[in-house]
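Residue strings, one per chain:
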Amino acid sequence: ASCVDRTGVVRIDGCLSAASAEGLRDFVLATRDEGVALAAKDKEKGAERLSRVLSARDVDSEAESRWDVRLPWSTVVRDAVHEMMGARDDPASLGHALSVLSGGDSALLFECAAVISTEGCAPQIVHADTVPSEAGAVLHTAFVALQDISAHQGPT
């Protein structure tokens, strides 16, 4: 948590087992495919599953290369989030960091989503998802890689 206060970011390795990451990744991809199919039939219903995303297409391309998938609070998602959070009393855990940053254990999970980018897609431009206030951070975001990633795979 102190690293986030100083630099605005921290990396926590190993907060999700390989088996859980693989199961969640399969679920996320299936949820994306369902959302894309739903959006093709009904844009409003599709918007319930897929949020707008910055740089959804690469320059000079009509093909989508990035999606922001809203995840239902299903068993696979809930179990993975609980695993990611780890033990609150473990100072190296994501749960401990979020508890310290938010001032206790009463913070709400506002959104649970997955960002998917296709291999080779252009990176998003650097941007803030929220506007900081004088009171401090109003939102903390955790990105958890569900597979090994290298730069050519389309960073987000």
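Conventions used here
- Residues numbered from 1 in each chain as written.
- Predicted model: local features only at pLDDT ≥ 70, side-chain atom pairs only at ≥ 80, totals over all residues.
- Heavy atoms only, no water.
- Buried < 20%, exposed > 50% of the residue type's maximum accessible area, 1.4 Å probe, protein only.
- Helix = DSSP H or I, 4+ residues; strand = E, 2+ residues; numbered from the N terminus.
- Pairing = 2+ DSSP bridges.
- Expected span 1.5 Å × (residues − 1).
- Contact = heavy atoms within 4.5 Å.
- Axes fitted to C-alpha atoms, helices over the stretch in contact; angles between N-to-C directions.
- Salt bridge = Lys/Arg side-chain N within 4 Å of Asp/Glu carboxyl O.
- Phe/Tyr/Trp six-rings, centres within 6.5 Å; stacked < 30°, edge-to-face > 60°.
- Lys NZ or Arg CZ within 6 Å of the ring centre and 35° of its normal.

(A) Local environment of the pairing of strand β3 (residues 113–117). In β3, alternate side chains face the same way, and those of A114 and I116 are buried while those of A113, V115 and S117 on the opposite face are not. Both strand β2 (residues 66–70) and β3 contribute to a ladder of five bridges, which runs antiparallel. Paired with R70 across the bridge in β3 is A113.

(B) Quick peek at helix α2 (residues 18–41). Given a rise of 1.5 Å per residue, 24 residues ought to cover 34 Å, and the 35 Å separating the end C-alpha atoms of α2 matches this to within 8%. Every buried residue of α2 is listed here: A21, L24, V28, T31, R32 and G35.

(C) Spotlight on the sheet that holds β2. Spatially, β1-β2-β3 is the arrangement adopted by the three strands of the open sheet, whose pairing is antiparallel. Here the strands that pair on one side only, and so sit at the sheet edges, are β1 (50–51) and β3. In this sheet, β2 lies alongside β1 in antiparallel orientation, the contact comprising two bridges. Bridge pairing in β2 links S51 to D68. Sitting on the sheet, α2 touches β1, β2 and β3, and the angle it makes with β2 is about 100°.

(D) Up close: the pattern of salt bridges. Here the structure, examined in full by the defined rule, presents three salt bridges. A salt bridge links D13 to R11, with the nearest nitrogen and oxygen atoms 2.7 Å apart. The exposure class of R11 is exposed, given its relative accessible area of 70%. In this structure, D33 engages R32 in a salt bridge whose closest nitrogen and oxygen atoms are separated by 2.8 Å. Among the residues examined, D33 registers a relative accessible area of 43% and is labelled partly exposed. Taking relative accessible area as the criterion, R32 reaches 15% and is therefore assigned buried.

(E) Structural view of the environment of E34. Positionally, E34 belongs in helix α2. On the basis of relative accessibility, which here comes to 45%, the residue E34 falls in the partly exposed class. C-alpha separation for the pair E34 and L50, spaced 16 residues apart in sequence, amounts to 9.7 Å.

(F) Structural detail: the packing of aromatic side chains. Taken as a whole and assessed by the stated rule, the structure comprises zero aromatic pairs. It is R32 that lies over the ring of W67; its NZ or CZ is 4.7 Å from the centre.

(G) Geometry of helix α5 (residues 94–102). Turning to α5, its buried residues number three or more, namely L94, G95, A97 and S99. Next to the buried residues of α5 lie α4 (75–85). Note on α5: the residue one or two positions beyond its end, G103, has a positive phi of about 80°.

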